[in-house]
Amino acid sequence: QGRARVCHDCAMAARPLVRVLREIARKRQLRMTELSCGWICELEDVAGRRARICGCAFPLNSQASASLALDKASASAVFAHHGVAHVPHDIVFSPTAQYSMAPEERQRGTMAGLYDLLDHCAPLGVVLKPKAGNSGAGVRRAQNRLELEAGWQDLLHGSRDFCIGPFLPLAEEWRLMIL
């Protein structure tokens with residue numbers, strides 16, 4: 001009781017980041033404690049200095065950097081601005097979030113722009129996903145208007161926004177974390 005449980009057999013503990021942290025701790029002679037099956041890792045040196053990594057948030061990240069890493073649409077905008085190859089994501093607001101739309105956008109509504117993007121991305125379609133999140137939770141592919149409308153309704157149930165982007169038939173996807 002009160003001791004951290006090291007959980008080497010659950011899926012979280014098998015994350016590549018946790019395996020890398022274990023190796024770093026071993027090589028640098030740091031004590032590593034895994035909490036919540038490796039979602040939180042605490043590293044401590046011989047002088048008693050501690051650093052905690054929660055998910056993929058390192059103590060050297062600013063709040064703005066951490067927020068940007070979790071927001072697909074914002075990250076996409078920054079990548080595009082700096083010419084970094086990425087899968088584009090645009091944010092879609094709920095019709096009830098009209099305060100965030102320009103007057104001409106309010107007249108057009110939300111769906112017209114989504115239909116335009118769907119037509120532009122035919123025949124592969126688009127991918128709708130929560131603005132924050134990972135591991136494919138809540139992700140939907142839409143290749144026609146009915147699938148787009150169903151995904152739109154599902155994602156806006158209890159949320160004010162979501163992301164949309166083209167479906168790209170990728171053989172591999174790599175995500176990099178730069179510290």
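Just so it is clear, the structure is predicted and the values come from calculations on it, not from any experiment.

**Regarding the side chain of Ser76**
Right, so step 1: Here Ser76 lies in helix H3 (residues 72-81).
Right, so step 2: Relative accessible area serves as the criterion here: at 5%, Ser76 is assigned to the buried category.
Right, so step 3: A distance of 3.2 Å separates a polar atom in the side chain of Ser76 from a polar atom in the side chain of His86.
Right, so step 4: Every residue in contact with Ser76, bar those within four places of it in the chain, is listed here: His86, Val87, Pro88 and His89.

**Observations regarding the sheet that holds strand E3 (residues 50-54)**
Right, so step 1: Strand order across the open sheet formed by 3 strands is E1-E2-E3, with antiparallel pairing between neighbours. Of all strands in the sheet, those with a lone pairing partner are strand E1 (31-35) and E3, marking the two edges. Taken pair by pair, the neighbouring strands of this sheet meet at an average axis angle of 15°, ignoring direction.
Right, so step 2: Summarising the sheet, strand E2 (residues 40-44) and E3 pair through 5 bridges and their orientation is antiparallel. When the bridges of E3 are listed, Cys41 appears paired with Ile53.
Right, so step 3: Docked against the sheet, helix H1 (residues 16-28) engages E1, E2 and E3, running at close to 155° with respect to E1.

**Details of unusual backbone geometry**
Right, so step 1: Residue Pro123 is bonded to the preceding Ala122 through a cis peptide linkage, with omega at 0°.
Right, so step 2: Within the element layout of this structure, Pro123 appears in the loop between helix H5 (111-120) and strand E5 (126-129).
Right, so step 3: If you check the backbone angles, Gln29 has positive phi at about 55° while not being a glycine.
Right, so step 4: With respect to the helices and strands, Gln29 occurs in the loop between H1 and E1.

Conventions adopted
Residues numbered from 1 in each chain as written. Predicted model: local features only at pLDDT ≥ 70, side-chain atom pairs only at ≥ 80, totals over all residues. Heavy atoms only, no water. Helix = DSSP H or I, 4+ residues; strand = E, 2+ residues; numbered from the N terminus. Buried < 20%, exposed > 50% of the residue type's maximum accessible area, 1.4 Å probe, protein only. Polar contact = N/O pair within 3.5 Å; in protein donor to acceptor, adjacent residues only side chain to side chain. Contact = heavy atoms within 4.5 Å. Pairing = 2+ DSSP bridges. Axes fitted to C-alpha atoms, helices over the stretch in contact; angles between N-to-C directions.

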